[in-house]
Amino acid sequence: MCECVGTLVGSNAGIMSVEFDTQENLVLAASSDFASRVWTLGDQRLRHTLTGHSGKVLSAKFLGDANKVVSGSHDRTLKIWDLVSRACIKTIFAGSSCNDLVTSDGIGSNIISAHFDKRIRFWDTRSESSANEISLQGRVTSLDLSPDHQYLISSSRDDTLKLIDLRMNQVTNTFCADGFKVSSDWSRAIFSPDGEYVCAGSSDNGVYIWNIKKNKVEKILREHNHPVISVTWHPMGQHLLSCDKAKKAVLWSDF
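Below or above, wherever it landed, is the structure these notes cover.

What counts as what
- Residues numbered from 1 in each chain as written.
- Predicted model: local features only at pLDDT ≥ 70, side-chain atom pairs only at ≥ 80, totals over all residues.
- Heavy atoms only, no water.
- Helix = DSSP H or I, 4+ residues; strand = E, 2+ residues; numbered from the N terminus.
- 1 Å grid on protein atoms, 1.4 Å probe; cavity = no way out; pocket = protein on both sides within 12 Å on 5 of 7 lines; lining within 4 Å.
- Points joined across faces, edges and corners; volume = space filled by probe spheres on them.
- Nonpolar A, V, L, I, M, F, W, Y, C, P; charged D, E, K, R; others polar.
- Pairing = 2+ DSSP bridges.
- Axes fitted to C-alpha atoms, helices over the stretch in contact; angles between N-to-C directions.

**Section: unusual backbone geometry**
Of note in this structure, Lys 118 is not a glycine but carries a positive phi near 75°. One can find Lys 118 in the loop between strand E10 (110-115) and strand E11 (119-124). Positive phi, close to 50°, is recorded for Asn 215, a residue that is not glycine.

Here you go:
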């Protein structure tokens, strides 16, 4: 049985993404009120409010360590924040609304961003320009790194997930299914903790799980009555959590 153990307050609009730091001491959230916020988990206190974007912040991630954050916004920029000085230390002009982002190395120098203009962009924080980009066939709604950081899974509004080999920066596989439709510009797709499956919610109220090696749908989970927009896997792999547009969350086990 699930129970609420605390509520993190301070945001003035909808939360678009949530992340823990590697030590699980901090919680970082991106918000539609143009800001990102950091709370300490132990006492559930708001520690930082990062303001400076001129549009909704759609994704925020810790960058390298718990002292730096990168945020992506509808205002077409990425911003890097130093939590020690509580200041924005770099603004990257991406050219298109950023729907999601991931940090692809442990030292915080590489960022990968997903965009409204159907492109995935690769950034080196030591440079001013995009190091590379990949064009897809639909607005890119989410990104997730495989556990070994060698692959990237993206979801896009052409109702497909793309598996990208980061060693070659090429799409190596496409996952789709009859009935599967990406339900919003912020729908999330994820890898399983063992890297053998990918999972995403659908506008037909289902949660779709694909076997990567077999390139086929392994299972469709049915419990929601509204489009599913977000999924996340327990780090140990035995549970899956999904959330729909009607604010209903479902915890799955033995699937």
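**Topic: the layout of surface pockets**
One number sums up the size of the second largest pocket: a volume of about 150 Å³. Residue lining of the second largest pocket: Ser 192, Pro 193, Asp 194, Tyr 197, Ile 209, Glu 218, Lys 219, Trp 233, Gly 237 and Phe 255, and that is the complete set. Of the residues assigned to the lining of the second largest pocket, the class counts are five nonpolar, two polar and three charged.

**Details of the pairing of strand E1 (residues 15-20)**
Here E1 runs beside strand E2 (residues 26-31); their pairing, made up of five bridges, is antiparallel. By the bridge assignment, Ile 15 is partnered in E2 with Ser 31. What sits between the antiparallel neighbours E1 and E2 is a turn of five residues, in which Glu 24 has the positive phi angle 60°.

**Here's the deal with the sheet that holds strand E8 (residues 87-93)**
With respect to topology, four strands assemble into an open sheet ordered E5-E6-E7-E8, the strand pairing being antiparallel. Of all the strands in the sheet, the pair left with one neighbour each is strand E5 (57-63) and E8. Going from strand to strand, the sheet's axes swing by 20° on average, the running direction of each strand aside.

**Considerations on the sheet that holds strand E14 (residues 151-156)**
Read from one edge of the open sheet, four strands run E13-E14-E15-E16, paired in antiparallel fashion. The outermost strands of the open sheet, each flanked by one partner alone, are strand E13 (140-145) and strand E16 (170-175). Here the strands of the sheet are splayed against their neighbours by 25° on average, with no regard to which way each runs.

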